[in-house]
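Single-letter residue listing:
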Amino acid sequence: MRVLLFLYLFTATLLSCRQGQKEGSAKKEAPPTSDNQVASPTSNFGLTEQEIAEGWTSLFDGKSTAGWHVYQRKSDGSAWKADSGYLYLDPAKKVDGKVVGGGDLISDSTYEDFHLILEWRISPKGNSGIIFGIQDDPKYEYCWLTGPEMQILDNDGHPDGKISKHRAGNLYDLVSIGVEPVKPVGEWNKAEIRFVNGNLECWLNGYAVVEVFIGDASWKLRVKESKFKDMPGFAAFKSGHIGLQDHGDPVWFRNIKIRRL
C-alpha cells in the first residue's frame with residue numbers, strides 16, 4: 001500500500017513539474033509587436049553595450065536588407081545589396097532610366113519621435129537622400145510626396161549642386177545650410193536626424209546644419225515656396241518610415257542606427 005501511495009505521489013509531482021515548465025516557457029515568449037514596431041533581426045549589430053542600454057537599435061545587419069523593403073514593393077529590391085558592412089545601390093542595369101530591381105528602400109518599422117544616425121558615401125555626379133515620415137500608402141506614388149529629405153549629393157559634379165537648397169546636408173528644397181562640412185566624393189559622411197514633437201535637427205559630420213519646426217507658420221511658408229506646395233500629404237503625418245533614396249546613382253550606407261525618443 002505504501003509503495004502504491006509513493007508511486008502515486010511521485011507521478012503527480014512529475015506531471016506538475018512538466019506543466020509548470022510549459023507555463024514558464026509560455027510566459028517568456030515575446031509579445032506580438034504592433035504594425036509600426038516590427039521586430040528587427042538586426043537590433044544589436046555594431047552597437048556598443050552603452051548604446052544598447054541607451055535604447056539604440058541597428059537598422060542594418062551588415063550582410064542583408066533584412067528590416068527593409070522597396071517602397072510599395074514596386075520591385076524585388078535586388079539592386080540594393082549588402083556586403084562587408086555596407087548597404088548600397090547597384091544601378092548597373094537600367095530600363096528607360098530606372099534601376100532594375102531598384103526603388104526607394106524604406107524601413108519595415110515606422111517612427112514618430114526618433115534620433116537617426118548613419119554614414120553615407122556618394123558616387124561621382126551622384127544624388128540620393130535620407131527621407132523620413134514616409135507613408136507606405138498606394139495613394140502616394142512616391143515616398144517624397146509625404147517625407148522630407150536630407151540631401152545626399154556630389155555638390156561639385158551633380159547639376160543640383162548649383163541650387164542653394166539642393167546641396168548635400170540641406171533639407172531638400174526647403175532649408176539651405178549655413179556651413180558645408182560635406183567631405184569629398186568617395187569619403188564617408190556622418191548624418192544625423194533628430195525629430196521630436198515637430199522639432200527637426202540635422203547634423204552633417206558633427207555640424208548642425210538644419211534646425212526647423214515642422215508645422216508652424218514659418219514652415220508652411222517654406223513649403224508654399226517649394227516644389228512641395230501642391231502636395232497635401234507632405235510632412236503631414238506624426239510617424240512614418242525611414243527611406244534611402246534610389247536616384248539612379250551608386251550610393252553606400254553603413255552604421256545605420258536609430259533610437260526612439
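The structure reproduced in this document is the subject of the present report.

### Considerations on the overall build of the chain
In step 1: If you tally the helices and strands in the chain, you get three helices and 15 strands.
In step 2: Each of the 261 residues in the chain was classed as buried or not, and the buried ones make up 44%.
In step 3: Of all intrachain contacts in the chain linking residues separated by at least 6 positions in sequence, the fraction that spans at least 24 positions is 65%.

### Some details on the nonpolar core
In step 1: Of all hydrophobic cores here, the largest spans 56 residues; its most connected members are L116, W120, L200 and I256.
In step 2: With residues up to four places along the chain from it excluded, the contact list for L200 reads F132, L171, I193, R194, F195, V210, E211, V212 and I214.

### Quick word on the side chain of H115
In step 1: Along the chain, H115 falls in strand β8 (residues 114-122).
In step 2: Side chain to side chain, H115 and E192 meet in a polar contact 2.8 Å long.
In step 3: Beyond its immediate stretch of four places on either side in the chain, H115 contacts W56, E192, I193, R194, W203, K257, I258, R259 and L261.

### Some remarks on the side chain of N189
In step 1: As for its placement among the helices and strands, N189 is situated in strand β11 (residues 189-196).
In step 2: The class for N189 is buried, based on a relative accessible area of 1%.
In step 3: Polar contacts involving the side chain of N189 include one to the main-chain amide nitrogen of K183, which spans 2.8 Å.
In step 4: Ignoring any residue separated from it by four or fewer positions in sequence, one finds N189 in contact with L118, E119, W120, P181, V182, K183, L204 and N205.

### Structural notes on the packing of aromatic side chains
In step 1: One pass over the structure, following the stated rule, counts eleven aromatic pairs.
In step 2: Considering the side-chain rings of F45 and F60, the 6.5 Å spacing of their centres and the 70 degrees angle between planes classify their relative orientation as edge-to-face. Here the residue F45 occupies a position in the loop between α1 (2-27) and α2 (49-53), and F60 occupies one in the loop between β1 (56-58) and β2 (68-70), the gap between them amounting to 15 residues.
In step 3: Each ring, one from F228 and one from F234, has its centre 4.0 Å from the other, and the planes form 5 degrees; the classification is stacked.
In step 4: Each member of the aromatic cluster is reached from another via a ring pair, and the members are Y172, W219, F228 and F234.
In step 5: The lysine or arginine in question, R121, covers the ring of Y86, its NZ or CZ lying 5.9 Å from the ring centre.
In step 6: Here R121 stacks its cationic end above the ring of W252, 4.7 Å away from the centre of that ring.

### Some words on the pairing of strand β4 (residues 86-89)
In step 1: Covered by surrounding structure in β4 are L87 and L89 only, the residues Y86 and Y88 on the alternate face being uncovered.
In step 2: With four bridges joining them, strand β3 (residues 80-83) and β4 adopt antiparallel strand pairing. By the bridge assignment, W80 is partnered in β4 with L89.
In step 3: Hairpin connection of β3 to β4: two residues between the antiparallel strands, including S84 at a positive phi of 55 degrees.
In step 4: Bridge count for β4 against strand β15 (residues 251-260) is three bridges, and the pairing is antiparallel. Across the sheet, Y88 pairs through a bridge with W252, a residue of β15.

### Notes on unusual backbone geometry
In step 1: The residue R73 is not glycine, and still its phi comes out positive at about 50 degrees.
In step 2: With respect to the secondary-structure elements, R73 resides in the loop between β2 and β3.
In step 3: The exposure class assigned to R73 is exposed, which follows from its relative accessible area of 59%.
In step 4: Here A235, not a glycine, exhibits a phi torsion of approximately 55 degrees, which is positive.
In step 5: Along the chain, the position of A235 falls in the loop between α3 (217-224) and β14 (240-244).

### Some words on the sheet that holds β2
In step 1: Strand order in this open sheet of five strands is β2-β7-β14-β9-β10, and the pairing throughout is antiparallel. Among the strands making up the open sheet, the edge pair consists of β2 and β10 (149-153). Each neighbouring strand pair of the sheet contributes to a mean axis angle of 25 degrees, computed without reference to strand direction.
In step 2: Pairing analysis gives three bridges linking strand β9 (residues 127-134) to β14, with the strands arranged antiparallel. Following the sheet pairing, I134 is matched in β14 by H241.

Thresholds, definitions, all that
Residues numbered from 1 in each chain as written. Predicted model: local features only at pLDDT ≥ 70, side-chain atom pairs only at ≥ 80, totals over all residues. Heavy atoms only, no water. Helix = DSSP H or I, 4+ residues; strand = E, 2+ residues; numbered from the N terminus. Buried < 20%, exposed > 50% of the residue type's maximum accessible area, 1.4 Å probe, protein only. Contact = heavy atoms within 4.5 Å. Core = buried A, V, L, I, M, F, W, Y, C linked by side-chain atoms within 4.5 Å. Polar contact = N/O pair within 3.5 Å; in protein donor to acceptor, adjacent residues only side chain to side chain. Phe/Tyr/Trp six-rings, centres within 6.5 Å; stacked < 30°, edge-to-face > 60°. Lys NZ or Arg CZ within 6 Å of the ring centre and 35° of its normal. Pairing = 2+ DSSP bridges. Axes fitted to C-alpha atoms, helices over the stretch in contact; angles between N-to-C directions.

Bear in mind that shape data such as this cannot, by itself, settle questions of function.
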